[in-house]
Amino acid sequence: MSLDYPENIREFEDKFAIEKARHPETTRDGLMKQVIEDAFQGYLDEAEEGHYDTGKLVGKEIQAFGLNNQLLKSIPPIGDSFESDFEKDGDKLMWYLEDQADRVAREFS
């Protein structure tokens, strides 16, 4: 993808180094959570052809919320956490997030 949307740990580490230099308060965990949320949201927006529902990383799962802020679906990680899934195999996680976003779009749109 790019540094804006890292798909693997190498791209993430590059993004983290740049963000840390620009904003010293940036944490690795915080940035990783944001990258995972942004990836899911991007796939969800694409699947729904617009921004209708919202995905948030809450604890160890991604929760998809509808327009009225109602919980539509909770999505578990592949392994122990989305962060460890990303570190182990970013491509596999991205395919999983895309598949889950497609499922949310089909079920609730």
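Up top you'll find the structure we're talking about.
Before going into details, it helps to say that this report is about the structure given with it. (Residues numbered from 1 in each chain as written. Predicted model: local features only at pLDDT ≥ 70, side-chain atom pairs only at ≥ 80, totals over all residues. Heavy atoms only, no water.)

## Here we look at the sheet that holds strand 2 (residues 61-65)
- Reading across the sheet, the 3 strands line up as 1-2-3 and stay open at both edges, with antiparallel pairing between neighbours. Two strands close off the open sheet at either side, each with one partner strand: strand 1 (54-58) and strand 3 (71-75). Taken over all neighbouring pairs, the strand axes of this sheet differ in orientation by 25° on average, direction set aside.
- Pairing geometry for strand 2 and strand 3, over 4 bridges, is antiparallel. Considered in strand 3, the bridge of Ile62 is made with Ile75.
- Packed onto the sheet, helix 2 (residues 28-48) meets strand 1, strand 2 and strand 3 and runs at close to 155° relative to strand 1.
- Contacting strand 2 and strand 3, helix 4 (residues 90-108) crosses the sheet at an angle of about 155° to strand 3. (Pairing = 2+ DSSP bridges. Helix = DSSP H or I, 4+ residues; strand = E, 2+ residues; numbered from the N terminus. Axes fitted to C-alpha atoms, helices over the stretch in contact; angles between N-to-C directions. Contact = heavy atoms within 4.5 Å.)

## With respect to the side chain of Asn8
- If you trace the backbone, Asn8 turns up in the segment before helix 1 (9-22).
- For Asn8, a relative accessible area of 18% translates into the label buried.
- Engagement of the side chain of Asn8 in a polar contact is seen with the backbone nitrogen of Arg10, the distance being 3.1 Å.
- For Asn8, the contacting residues outside a window of four places in its chain are Phe86 and Gly90. (Buried < 20%, exposed > 50% of the residue type's maximum accessible area, 1.4 Å probe, protein only. Polar contact = N/O pair within 3.5 Å; in protein donor to acceptor, adjacent residues only side chain to side chain.)

## A short note on helix 1
- Given a rise of 1.5 Å per residue, 14 residues ought to cover 20 Å, and the 20 Å separating the end C-alpha atoms of helix 1 matches this to within 8%.
- All buried positions along helix 1 are accounted for by Phe12, Lys15, Phe16 and Glu19. Down the axis, helix 1 shows its buried residues gathered within 105° of arc, on one side only. The exposed set on the far side of helix 1, more than 90 degrees from its buried face, consists of Arg10 and Ala21.
- Looking at the buried residues of helix 1, the elements they touch are helix 2 and helix 3 (82-88).
- N-cap assignment for helix 1: the residue whose side-chain oxygen lies 3.1 Å from the backbone N of Arg10 is Asn8. (Expected span 1.5 Å × (residues − 1). Arc of directions from axis to C-beta.)

## A look at unusual backbone geometry
- Non-glycine residue Glu49 carries a positive phi angle of around 55°.
- Structurally, Glu49 is set in the loop between helix 2 and strand 1.
- In this structure, Asn69 takes a positive phi of about 65° despite not being glycine.
- You can see Asn69 is positioned in the loop between strand 2 and strand 3.

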